[in-house]
Amino acid sequence: MSLPTWELIRAAGLTSYFLLFVSVSSGLLFSIKAAKPKTNQLLQVAHQSAGWFSLLFGLFHGLLLYIDTYKPYSLVEIFIPFTTKDEPLLNGLGTISLFIMVLLFISGDLMKKVGAKVWKKIHRLALPMVILISTHGIMLGTDSSNGWAIVLYASSLAIILSLLIVKLLLIKAKTKKVISA
Ligand code: HEM
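Residues numbered from 1 in each chain as written. Predicted model: local features only at pLDDT ≥ 70, side-chain atom pairs only at ≥ 80, totals over all residues. Heavy atoms only, no water.

Describing the coordination of the iron atom of the ligand
Here is step 1 of the chain: Every protein donor of the iron atom of the ligand is accounted for by His61 (NE2) and His136 (NE2), and the metal-donor separations fall at 2.0 Å.
Here is step 2 of the chain: Given a relative accessible area of 12%, histidine 136 falls into the buried group. (Donors = N, O, S within 2.8 Å, 3.2 Å for Na, K, Ca; no water. Buried < 20%, exposed > 50% of the residue type's maximum accessible area, 1.4 Å probe, protein only.)

See the structure below:
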């Protein structure tokens, strides 16, 4: 009996995407600090653990392509961006996102060593990564035309964009207050 690798690849990619959405949106909510301290603590835990599991599922999704029974990828194709025979650009966006995720985690663990300024700069890569991975999933995925997948992509992007706008408005209001004080 052979493993249903293609189904597993798709399920792992979508799980990683959903967990990334949970991590980014709880991170944005946490940084807005609108919630009570206890809820904020929970948001931070959700942000970190969902991010971790998103990375693990993303890695699993990529590695499964190596043992895929229908169209296997080489390790070079999986880990060196833009080297795949099929859709090099869209596959490359997946590989780059995976690298960004690893970078985010390393920088988080080495926060004390790299310093808050460098950590902040690296952390800002998370938002462009959401755009890269959404393009990758939507344009490459077999499931993208299904109603539930459209709802998943559209609602996650709309929620992240709304939270980002709220955060930017709060920062603007805060700087205005400091200038006028
Ligand atoms: C964190 C990293 C990654 C995430 C979150 C991710 C996410 C996704 C998502 C959501 C899909 C759509 C699945 C579907 O509609 O069924 C997808 C498809 C795909 N991804 Fe990734 N991906 C990542 C990394 C990679 C890497 C490194 C590669 C290899 C170069 C890759 C290759 C593919 C391929 C070939 C498909 C098409 C599968 C299909 O036909 O549905 N992905 N990915």
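Moving on from the model shown.
Description of unusual backbone geometry
Here is step 1 of the chain: In this structure, lysine 33 is a non-glycine residue whose phi angle is positive, near 55 degrees.
Here is step 2 of the chain: With respect to the element layout, lysine 33 can be found in the loop between helix 1 (5-32) and helix 2 (37-64).
Here is step 3 of the chain: In this structure, glutamate 87 takes a positive phi of about 40 degrees despite not being glycine.
Here is step 4 of the chain: Looking at the secondary structure, you find glutamate 87 in the loop between helix 3 (75-79) and helix 4 (88-109).
Here is step 5 of the chain: With a relative accessible area of 45%, glutamate 87 lands in the partly exposed category. (Helix = DSSP H or I, 4+ residues; strand = E, 2+ residues; numbered from the N terminus.)

A look at helix 2
Here is step 1 of the chain: With 28 residues, helix 2 should cover 40 Å at 1.5 Å per step; its first-to-last C-alpha distance of 40 Å lies within 8% of that length.
Here is step 2 of the chain: Of the residues making up helix 2, those classed as buried are Asn40, Leu43, His47, Ala50, Gly51, Ser54, Leu55, Gly58, His61, Gly62 and Leu64.
Here is step 3 of the chain: In this structure, the buried side of helix 2 is in contact with helix 1, helix 3, helix 4, helix 6 (116-123) and helix 7 (126-140). (Expected span 1.5 Å × (residues − 1). Contact = heavy atoms within 4.5 Å.)

Details of a positive patch on the surface
Here is step 1 of the chain: Taken together, the side chains of Lys117, Lys120, Lys121 and Arg124 define a basic patch exposed on the protein surface.
Here is step 2 of the chain: Tracing the backbone through its elements, the reader meets lysine 117 in helix 6. (Patch = residues over 30% accessible without salt bridge, like charges linked within 9 Å, V, L, I, M, F, W, Y side chains within 5 Å. Areas by Shrake-Rupley, 256 points an atom, 1.4 Å probe, with all protein chains shown as cover. Salt bridge = Lys/Arg side-chain N within 4 Å of Asp/Glu carboxyl O. Lys, Arg positive; Asp, Glu negative; His and termini not counted. Charge placed at Lys NZ, Arg CZ, Asp CG, Glu CD.)

Here's the deal with the site of the ligand
Here is step 1 of the chain: Taken together, 26 residues sit near the ligand, with Trp6, His61, His136, Thr142 and Asp143 positioned nearest.
Here is step 2 of the chain: Histidine 61 has a polar side-chain atom sitting 2.8 Å from a nitrogen atom of the ligand.
Here is step 3 of the chain: Separating an oxygen atom of the ligand from a side-chain N or O atom of aspartate 143 is a distance of 2.4 Å.
Here is step 4 of the chain: Elements supplying a minimum of two residues to the shell around the ligand: helix 1, helix 2, helix 3, helix 4 and helix 7.
Here is step 5 of the chain: For the shell around the ligand, the leading source of residues is helix 1, giving six residues.
Here is step 6 of the chain: Across the shell around the ligand, the residue classes break down as 11 nonpolar, 12 polar and three charged. (Near = heavy atom within 4 Å. Polar contact = N/O pair within 3.5 Å; in protein donor to acceptor, adjacent residues only side chain to side chain. Nonpolar A, V, L, I, M, F, W, Y, C, P; charged D, E, K, R; others polar.)

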